[in-house]
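Single-letter residue listing:
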Amino acid sequence: MFDLSGKTALVTGGGRGLGLEMAKALAAAGAWTVINGRNGQGLEEARKRLQGDGIEIGIAAGDITRDAPAIIAAAVEKTGGLDILIHAVGERDRRGTEAMEPHEFAALLNTDLTAAYAVAKTALPYLRRSVAGRLIFVTSIAALAARAGDPAYTAAKGGLAALTRSLAVELGADNLTVNAIAPGWFATETNAHLAADPALKAFVDIRIPLKRWGRPEEIAPAAVFLASPAASFVNGITLTVDGGMTVQM
């Protein structure tokens, strides 16, 4: 039920962090997987590391938020098709409302939400050719709950969860499922300094029932599940992977 042999996949934002963990898991499950990111050297280094673990992947460098058609076409040329697309690209601006101008708010929405729509629209002709296409967005627990001083990211991720539902309804007739993954606090290389901060330990103990940060590899099974035949009747959901953080009062 979780075998992806014979499937093809593209993971945007797949050069590091959670995107790379998801790409690695798809490839390990049998999918011929291509990773995308802006840093071509970083992608090549990731490819070599996985190759050392016996996992082969392809790379398609470029800024997916600016040039989705060319990048997706390059990925499809490498794989021969597209069955699974995981869009894991996103940026964050932690300034509050008084510090952020409307054009800066709009710029973050463009990167985190509008670009996701453009990627999905560009990929649709390829995904429709699949026997069972899978479109998976990576949103955030910020789509479900908010913190002060983070309006643009919260709005963008909430919009991405809504876009997931909308596309799931629109594209279901094409036997194409659309779902999202909402990660919580994960100790990626970007967050390593925060995960190691003793001052945050008390907060984590109170707010996360499992009383720890997530390990990056713990996001991978969610991606494999939603991409696999096991999720053939799962459509329009946001799968939260946060150690219980958003369900605790």
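Attention in this report is confined to the structure presented alongside it. Predicted model, so just to flag it, every value in this text is computed and none were measured.

What about helix 8 (residues 220–227)?
The element helix 8 is extensively covered by neighbouring structure, given that six of its eight residues are classed as buried. Among all positions in helix 8, only A220, A222, A223, V224, L226 and A227 are buried. Where helix 8 is buried, its residues touch helix 1 (17–28), strand 4 (84–87), strand 5 (133–138), strand 6 (176–183) and strand 7 (238–241).

Here we look at the nonpolar core
The biggest cluster of nonpolar side chains holds 34 residues, and the ones touching the most others in it are M22, L26, I86 and I181. Contributions of two or more residues to this core are made by strand 1 (8–12), helix 1, helix 2 (40–52), strand 4, strand 5 and helix 8. Counting residues per element, this core draws most heavily on helix 1, which supplies seven residues. Discounting chain neighbours no more than four positions away, the residues touching L26 are L4, A9, V11, A31, T33, I84, I86, A223, V224 and A227. A68, L160, L167 and L171 belong to the second-largest nonpolar core, a separate cluster that totals 29 residues.

Observations regarding the pairing of strand 4
Taking every second residue as pointing to the same face, both faces of strand 4 are buried, with I84 and I86 on one and L85 and H87 on the other. Here strand 1 runs beside strand 4; their pairing, made up of four bridges, is parallel. Its bridge partner being in strand 4, L10 is matched across the sheet by L85. In this structure, strand 4 lies alongside strand 5, joined through four bridges in parallel fashion. Its bridge partner lying in strand 5, I86 is registered against I136. With helix 4 (residues 102–128) bridging strand 4 and the parallel strand 5, this β-α-β connection has right-handed handedness.

Criteria and thresholds
- Residues numbered from 1 in each chain as written.
- Predicted model: local features only at pLDDT ≥ 70, side-chain atom pairs only at ≥ 80, totals over all residues.
- Heavy atoms only, no water.
- Buried < 20%, exposed > 50% of the residue type's maximum accessible area, 1.4 Å probe, protein only.
- Helix = DSSP H or I, 4+ residues; strand = E, 2+ residues; numbered from the N terminus.
- Contact = heavy atoms within 4.5 Å.
- Core = buried A, V, L, I, M, F, W, Y, C linked by side-chain atoms within 4.5 Å.
- Pairing = 2+ DSSP bridges.
- Right-handed = clockwise from strand over helix to strand, strands pointing away.

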